[in-house]
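Read off the chains here:
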2 protein chains.
Amino acid sequence: MACGEFSLIARYFDRVRRSRLDVETGIGDDCALLNIPEKQTLAISTDTLVSGIHFLPDIDPADLARKALAVNLSDLAAMGADPAWLTLALTLPSVDESWLAAFSDSLFEQLNYYDMQLIGGDTTKGPLSMTLGIHGLVPEGRALKRSGAKPGDWIYVTGTPGDSAAGLAILQDRLQVDNQPDADYLVKRHLNPTPRILTGQALRNLAHSAIDLSDGLISDLGHILNASECGARIDLDSLPFSDAMKRHVDPDQALRWALSGGEDYELCFTVPELNRGALDVALGNFGMGYTCIGQISADVEGLHFQRDGKPVTLDWKGYDHFAQ
Amino acid sequence: MACGEFSLIARYFDRVRRSRLDVETGIGDDCALLNIPEKQTLAISTDTLVSGIHFLPDIDPADLARKALAVNLSDLAAMGADPAWLTLALTLPSVDESWLAAFSDSLFEQLNYYDMQLIGGDTTKGPLSMTLGIHGLVPEGRALKRSGAKPGDWIYVTGTPGDSAAGLAILQDRLQVDNQPDADYLVKRHLNPTPRILTGQALRNLAHSAIDLSDGLISDLGHILNASECGARIDLDSLPFSDAMKRHVDPDQALRWALSGGEDYELCFTVPELNRGALDVALGNFGMGYTCIGQISADVEGLHFQRDGKPVTLDWKGYDHFAQ
C-alpha cells in the first residue's frame, strides 16, 4: 500500500546485495517466499518503536536503524536463533531524503553484517514509527525458552546491566559524567546495544532457559520464573557493574539501574551445575563478560535478594515506559 | 516492550482456542517458534494501516479488525497460499477497553474462521495504527507470482472491481444511493472485502501469474506486466459491474472506479488458453464470479484499452492515498 511519493521510499530499501539461498522471492511480489531448511524451526518476533516513546524524536537516523534492529535481534538471541530475514513497516510524516539515506544505509550495513535479508515491508504516511518483523532459524528442539529453568540452575547475565539506563540519563541531562570516554561508553550502550547472537547460539546445548533484558532484570527474570514455575535468589554483591558506572554513579542508583533500568539487551539465562564447566569453555573465548548472579530455587516463590548472605527487601518494579 | 497499563492490552489477544499443530511456542516467549511442514514454502506479507490514511478515524473497531486482516489475507490469496499465522503490532493512543474488546472479538472470529493463530506482536502507546505480519504456506514451487504471465494468456478478475470505491464514496457523502440494500452492499464491499483465499489456492495449477487488486486494476495489472515484461489489451466492454453500481453510478464514473478505485481485494490473474476449461471447472462451484477482461500480448508495451474492438485512450493513474 505504498502510494504516491511514498513509493519512492521503497527504492531506499530495495538494494539486496545478494539474495540468501533460502529466499525464493524477496521484495516485489504480494508476499516474500522463503524455503526453510530441513530440521530447522522458524523463530519470529515483532517490535514496534514509536517516536517519543521508544526513542527521542531527534535521534540520529543511523542510530535509530541500528537500535531498532538490535532490539529485534536480541529476541532471536534469547532463543538461540540464527538471524535470517527482516520485514520493515515504516511510517513517516514526510519524505526526508537525507533522513532516509542515513537510516537505510545504517540498516543495510547491519543486515549485511548479520547476513540477513530485507524481504518486505510497507511504507506509509503518518506519525514516525516503525514495526520490525524478524525471522530466524534454530535447529529443531534446541530453542532456548523461558520455561525451562529448573531448581538448582545457576542464573547468569551477560555484560553489565544498567549501562543503558545510565546512557539514557546522560542523554536526558539527568546524569553528568565529566569523563568523555566513560560518557561515550554509557551513551553507546543505550543507543547501540549489542544483540548477543553468538552467545545465544552457544547456549543452545548448555542453558535450560534464557531471556533478553529489555525491561530490566527484575521484570525479565520474573518472566523466566513465572514460565518455569519456580523462584530465585539473587546475590546483590555479585551483580556486575561497568567501570564507567562504578566511577560516576552512586551504588544505590547503579543497583536500581542494573535491576530495573531496561533496554540493556543483555541475556539472562540459567545453567545446571553439570554444564557450568562447558559454559566457561563455550563462552570463554567470546571476549564478552558473563556473571553468575544467583540460583533458581524450588523453596522460594518469586525473586529474593540477598547481600552478605542475608535477605534484603527491594520494592522496585521493572522499567516502565509510561511511568518515567 | 508492552509496559505498564499496556500490558493489560495483551490479555485481549492471548486467547488461543487451540494451538495449530505447527506452532511449537506461540505468544509468551521472546519469539514464536514454528515448524514448517515438509515441502511447503513460507509466504510472508506485512501491511500497515494508519488512522486517517487507510481507515476513517471513527471506523467501527470490529470492521477495522476484519479489514486489516482481509487486506493481509488478500496478499496470501494472490500467491495461492494457505493462511497460517499472524503477528499484530498495535499502537493505541490510550486504553479503551470497549474498543479493544470489539476489535479483538472481531479479529479472533476471523482468525478462527481461517484456522489461523496469533503468534505474537506488540502493543505500544502512540497515534492509532497497526502493522500486521501474515504468514502462509504454499506447496513448494507452486506459488503464484507476478512474473509468470506469458503472451497469449487470458486476463481475468474475480468479482466486480470498483464497488469498494463506490462504498467509500457513500461513506464520505460523495455518492448518494437511495436504495438501502444497494448502499449496504457497496459499503460492505469497502469495509468488509472478501480475501479470495480459496480462489487463489484453486489457481495454483492453472494461472501463470496473479496479484490482488489493492491499488486499482491499472496499477496492479501494471505490476504483472512489469514483472512479466509484456503488455496487455483490456476490453472495456467486458469489465464486470455489480448491479448496485450499474443502478446508481454513471458509466464513466463506474469505469474510473473499476480501473483505478483501489481496495477491492479481488484477484487479477492470467491463464493460458490450454487451462481455460480447467479454470471453469475449478472455479465454477465457488459461487463467485470471475470474468475474462483481456489478453496478455507480446506486441504491445504496457496496458492498452479497447472498446468495440477499437483502441481507446485513458489517462487515469492508480488510486493514490495521498492524492485524494
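Residues numbered from 1 in each chain as written. Chains lettered and ligands numbered in written order. Predicted model: local features only at pLDDT ≥ 70, side-chain atom pairs only at ≥ 80, totals over all residues. Heavy atoms only, no water.

Under an unreviewed UniProt entry, the name given to chain A is Thiamine-monophosphate kinase, and the organism recorded is Scandinavium lactucae. The record held by UniProt for chain A lists under Pathway (unreviewed entry) the comment "Cofactor biosynthesis; thiamine diphosphate biosynthesis; thiamine diphosphate from thiamine phosphate: step 1/1." Quoted verbatim from the Function (unreviewed entry) field of the UniProt record, the comment on chain A reads "Catalyzes the ATP-dependent phosphorylation of thiamine-monophosphate (TMP) to form thiamine-pyrophosphate (TPP), the active form of vitamin B1." (UniProt positions renumbered as here; feature names shortened; annotations may be inferred.)

**Q** What should I look at first to understand the pattern of salt bridges in this one?
**A** Where charged atoms from two side chains of opposite charge come close, those side chains can pair. Under the counting rule described, the total for this entry stands at 26 salt bridges over all chains. Among the salt bridges present, the one from E263 of chain A reaches K67 of chain A, with a minimum N-O distance of 2.7 Å. Of the two residues, E263 of chain A is situated in the loop between α9 (251–260) and β10 (267–271) and K67 of chain A in helix α2 (residues 61–79); the sequence distance between them amounts to 196 residues. When salt bridges that share partners are traced, they join D29 and D30 of chain A together with R146 of chain B into one network. (Salt bridge = Lys/Arg side-chain N within 4 Å of Asp/Glu carboxyl O. Helix = DSSP H or I, 4+ residues; strand = E, 2+ residues; numbered from the N terminus.)

**Q** In this structure, what is going on with the sheet that holds strand β8 (residues 209–212) of chain B? I would like to understand it.
**A** Residue and element names in this part refer to chain B. The mixed open sheet is built from 7 strands, whose spatial order is β8-β10-β7-β11-β9-β12-β13. Since the sheet does not close on itself, it has two edges, and those belong to β8 and β13 (310–312), each with one partner. Within this sheet the neighbouring strands show an average axis-to-axis angle of 30 degrees, counted without direction. Taken together, the 4 bridges between strand β9 (residues 231–235) and strand β12 (residues 303–307) define a ladder with parallel strand orientation. Counted as the bridge partner of R233 is H304 from β12. The sheet contacts of helix α7 (residues 217–228) involve β7 (154–158), β8, β9, β10 (267–271), β11 (290–297) and β12, and relative to β8 the element is tilted by about 150 degrees. The strands touched by helix α10 (residues 276–284) are β7, β10 and β11; relative to β11, the strand with the most contacts, the crossing angle is about 150 degrees. (Pairing = 2+ DSSP bridges. Axes fitted to C-alpha atoms, helices over the stretch in contact; angles between N-to-C directions. Contact = heavy atoms within 4.5 Å.)

**Q** How do you make sense of the UniProt feature "binding site: Mg(2+) 3" (unreviewed entry) in chain A when you look at a structure like this?
**A** According to UniProt, the "binding site: Mg(2+) 3" (unreviewed entry) feature falls on D30, D75 and D212 of chain A. A maximum C-alpha distance of 33.2 Å is found for the annotated residues, which run over 183 residues; spatially they are spread out rather than grouped. Mapped onto the elements, D30 of chain A comes out in the loop between β1 (23–25) and β2 (32–34). Here D30 of chain A falls in the buried class, since its relative accessible area comes to 5%. With residues near it in sequence (within four places) discarded, D30 of chain A still touches S45, D75, A78, M79, R146, A210, I211 and D212 of chain B. Inspection of the secondary structure assignment puts D75 of chain A in helix α2. Under the relative-accessibility criterion, D75 of chain A is labelled buried at 8%. Beyond its immediate sequence surroundings of up to four residues, D75 of chain A is in contact with S45, D47 and D212 of chain A together with D30 and C31 of chain B. (Buried < 20%, exposed > 50% of the residue type's maximum accessible area, 1.4 Å probe, protein only.)

**Q** Can you help me understand the UniProt feature "binding site: Mg(2+) 5" (unreviewed entry) in chain A in this one?
**A** Per the UniProt record, "binding site: Mg(2+) 5" (unreviewed entry) is annotated on D215 of chain A. Residue D215 of chain A is classed as buried on the basis of its relative accessible area of 10%.

**Q** Where do I start with the sheet that holds strand β8 (residues 209–212) of chain A in this structure?
**A** Backbone-to-backbone hydrogen bonds pair the strands of a sheet. The strands run either parallel or antiparallel. Residues and elements named next belong to chain A. Spatially, β8-β10-β7-β11-β9-β12-β13 is the arrangement adopted by the 7 strands of the open sheet, whose pairing is mixed. Lying at the two open borders of the sheet, with one neighbouring strand each, are β8 and β13 (310–312). Sheet twist, expressed as the mean angle between neighbouring strand axes with direction ignored, is 30 degrees. Across the sheet, α2 touches β8 and β10, and the angle it forms with β8 is around 170 degrees. Relative to strand β11 (residues 290–297), helix α10 (residues 276–284) is tilted by about 150 degrees, and along the sheet it contacts β7 (154–158), β10 and β11.

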